[in-house]
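Tertiary structure, described
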Amino acid sequence: MLLTCPSCKTKNFLDPYPFWNFKGKTKCAGCGKVWRLETAGGACVSGPEAADGQADLLPGFAEKPDYSPISGPGLTRSAPRARKDSVCRPIPIQKNVRGQIVSGHPLKKEDLVGSRPKFIVERT
Amino acid sequence: MAKETASKSATQQGFEDFCHETFDFKKAFGKPEALKGYRVLSCTQYILGPSCASYMAELGAEVIKIEAPRRGEAMRHTTPFNEPFLYPLSRWVPERGTGLGFLGANPNEYFISVDFHRPEGQAIVKKLAAKSDVMVENYRPGTFDRWGIGYRQLREINPRLVYCWLGGFGGWGPGRVRASYDILGQSQGGNFGMTGKPEFLGGTPSKHTIWLADYWGGMMGAVQILAALYWRDKISGEGTFTEYSQVHGVTRQLEYALPLYGRHGVTRERWGNWDTQLCVHGIIKCGKSSYPKSENPQEQEEGYILISAYDDKDFARLCQAVGDGKTAEKYAKHDARVKPQSQMEIYPWLEKWAADKTKEQVAETLDKAGINNQPVWNAKEVANHPHWQQRGAVQWLDDPTFGDLMHQGPAYKMSHTPPRLKWALKPVGADNEYILGKLAGLSSEELRRLEEQECI
């Protein structure tokens with residue numbers, strides 16, 4: 001949902017996943033003012049009201065009234081992740097969910113037979 | 001009465017066993033393939049084009065996927081949150097992998113790499129087209145025509161070629177010169193405008209998460225190719241130029257929205273997870289989570305369940321199961337139930353009843369009452385259900401390149417010519433020597449030279 005800051009008119013995009021059922025404070029990425037609000041099913045049901053203190057959750061993205069973007073540490077939060085250890089970089093694996101071999105890690109040319117990984121070709 | 005019942009169940013049992021044996025996907029490899037002998041060139045990317053060719057590959061056609069040298073097509077570089085990959089991407093770039101986005105739209109195919117921009121690459125495509133039945137491509141309209149490998153050029157070489165172009169807006173018309181993606185197709189086609197929550201429930205439109213316009217489009221493309229092949233082989237001996245626009249495919253599925261507008265001037269609105277034509281026939285929220293201790297935050301959520309009780313008798317039984325005689329009386333007739341104001345009362349009433357139950361508990365109560373219902377399943381629940389494992393909808397595939405993969409099985413069930421899953425995908429250019437040597441007649445020196453120049 002969109003929080004247009006009542007103070008500076010910056011559009012703060014409260015990304016739907018973390019702000020789906022939210023009760024707490026967020027901070028405008030444009031002017032830093034803290035706002036208390038409550039959402040239910042992604043829609044705002046209470047607020048925004050001016051508040052003090054730290055924000056509980058930052059917006060995902062923000063835009064000034066002239067459409068120039070605002071993002072960065074302390075201003076917006078990085079994308080939500082389904083797993084705590086997810087880093088949005090390739091994660092190598094050797095075995096899959098049922099413990100069988102799968103080619104899920106980077107290889108070198110000497111690891112290949114033609115286009116196939118040697119350890120797949122040679123497994124018993 | 002008892003004898004009658006006994007003989008009835010024997011017949012039913014017999015039919016089920018007959019179906020199980022006839023359609024057992026594990027026996028597929030012992031039976032013929034419906035499209036064996038047809039050769040399809042797939043110069044495609046993302047999902048729209050590849051899925052069209054893949055539906056034919058599942059049925060036994062020899063599908064040759066042609067990609068850009070070394071790095072392959074763009075879909076190989078898409079994967080959820082940039083994390084899971086299958087290695088190697090190609091024998092030239094083994095330290096990178098193919099993303100999981102590529103899975104499911106490219107099974108059973110042969111993979112070669114050719115640079116379409118170069119005259120030598122175009123000459124190779126012409127050599128292959130001379131020996132192929134079908135060409136599928138989804139580049140921007142007119143691109144292959146400009147490169148000398150479009151329908152107008154290839155039909156001179158092979159008048160029997162069925163040429164299938166798939167894309168967003170078609171090759172002609174005022175809207176034609178634009179790139180298109182599934183989400184754009186859903187937005188323009190009218191789908192996105194009717195899907196999602198109505199205003200009183202939060203009011204957000206929602207696209208289908210799956211690239212439905214692309215998969216549906218691939219299937220429509222495959223149907224028009226098979227029709228063109230039938231016409232060629234049974235009637236005319238000639239090839240066909242076919243064109244498919246994915247926005248048109250989305251519009252095709254809009255049900256009554258267009259006739260409604262034409263007749264009354266009324267624009268169809270979003271109606272969330274309920275139905276505009278039937279009540280009760282929608283998805284409600286259950287208050288308790290089925291996996292409260294899961295690390296996955298979405299799994300921790302409360303569950304959802306589809307309830308279908310639009311027949312008056314079913315609705316009466318539903319009210320009995322919920323224990324509410326007043327609602328049963330007020331909404332006994334479907335005409336009374338289907339009105340928007342009635343639905344806005346009935347579904348919250350059901351959600352109140354389900355507020356202290358998991359979706360499985362709700363399902364158990366409704367099953368006992370004989371009410372049609374289906375808990376909304378996530379990927380884990382689908383993957384572990386014995387019905388879909390036995391029917392081959394979900395298969396463990398021992399892929400010859402990548403190892404143990406869970407993969408969706410082909411959806412057709414055919415008694416004499418079942419489709420089958422041979423392999424999930426291969427690295428870029430894995431079959432260069434086999435296909436270019438066998439079909440394009442290139443010698444090993446020519447192959448080496450073209451490889452050094454990155455033409456293949």
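Keep in mind it's a predicted model, so treat the numbers as computed, not measured.

1. What about the nonpolar core?
All names here are of chain B.
- Ile66, Phe116, Ile124, Leu128, Met135, Phe144 and Leu436 are the most contacted members of the largest nonpolar core, which totals 32 residues.
- Breaking this core down by element, the ones donating at least two residues are strand E1 (39–43), strand E2 (62–67), strand E5 (110–113), helix H3 (119–130), helix H5 (151–157), strand E7 (162–167), helix H19 (432–438) and helix H20 (444–452).
- Looking at this core, the element that brings in the most residues is H3, giving 4 residues.
- Once residues within four sequence positions are removed from consideration, Ile66 is found in contact with Leu41, Ser42, Cys43, Ile112, Val114, Phe116 and Leu128.
- Counting residues in hydrophobic clusters, the runner-up holds 24 residues, among them Val322, Ile346, Tyr347 and Leu350.

2. Details of the interface of chain A and chain B
- With 31 residues of chain A at the interface, the matching set in chain B holds 28 residues.
- Summed over both partners, the interface of chain A with chain B buries about 2400 Å², with 51% contributed by carbon and sulfur atoms.
- Where chain A packs against chain B, one counts 2 salt bridges.
- In this structure, the salt-bridge partner of Asp398(B) is Arg123(A), at a minimum N-O distance of 2.9 Å.
- There are 11 residue pairs in polar contact (both at pLDDT 80 or more) connecting chain A and chain B.

3. Observations concerning the pairing of strand E9 (residues 101–104) of chain A
- Inspection of the sheet shows strand E8 (residues 93–95) of chain A paired to E9(A) by 2 bridges, in the antiparallel sense. Following the sheet pairing, Lys95(A) is matched in E9(A) by Ile101(A).

4. Side note on a nonpolar patch on the surface
All names here are of chain A.
- Taken together, Leu2, Phe13 and Phe61 make up a surface patch of nonpolar side chains, about 230 Å² in accessible area.
- With respect to the element layout, Phe13 can be found in strand E2 (residues 11–13).
- Classification of Phe13 as partly exposed rests on a relative accessible area of 31%.

5. Looking at the side chain of Glu299(B)
Residue and element names in this part refer to chain B.
- Residue position: Glu299 is located in helix H11 (residues 297–300).
- A distance of 3.1 Å separates a polar atom in the side chain of Glu299 from a polar atom in the side chain of Lys380.
- In this structure Glu299 touches Ser289, Tyr291, Ser294, Asn378 and Lys380, once residues within four positions along its chain are discounted.

6. As for the side chain of Asp399(B)
- With respect to the element layout, Asp399(B) can be found in strand E12 (residues 394–399).
- An unpaired buried charge is present at Asp399(B): no salt bridge exists, and Arg116(A), the closest side chain of opposite charge, is 7.2 Å distant.
- Within the local environment of Asp399(B), its side chain forms a polar contact with the backbone nitrogen of Phe402(B), the two atoms lying 3.0 Å apart.
- Leaving out residues up to four positions away in the same chain, Asp399(B) has contacts with Ile120(A), Arg123(A), Leu405(B), Trp423(B), Ala424(B) and Leu425(B).

What counts and what doesn't
Residues numbered from 1 in each chain as written. Chains lettered and ligands numbered in written order. Predicted model: local features only at pLDDT ≥ 70, side-chain atom pairs only at ≥ 80, totals over all residues. Heavy atoms only, no water. Core = buried A, V, L, I, M, F, W, Y, C linked by side-chain atoms within 4.5 Å. Buried < 20%, exposed > 50% of the residue type's maximum accessible area, 1.4 Å probe, protein only. Helix = DSSP H or I, 4+ residues; strand = E, 2+ residues; numbered from the N terminus. Contact = heavy atoms within 4.5 Å. Buried area = accessible area lost by both parts, 1.4 Å probe. Salt bridge = Lys/Arg side-chain N within 4 Å of Asp/Glu carboxyl O. Polar contact = N/O pair within 3.5 Å; in protein donor to acceptor, adjacent residues only side chain to side chain. Pairing = 2+ DSSP bridges. Patch = residues over 30% accessible without salt bridge, like charges linked within 9 Å, V, L, I, M, F, W, Y side chains within 5 Å. Areas by Shrake-Rupley, 256 points an atom, 1.4 Å probe, with all protein chains shown as cover. Lys, Arg positive; Asp, Glu negative; His and termini not counted.

Everything listed here is a matter of geometry and, on its own, says nothing about what the molecule does.
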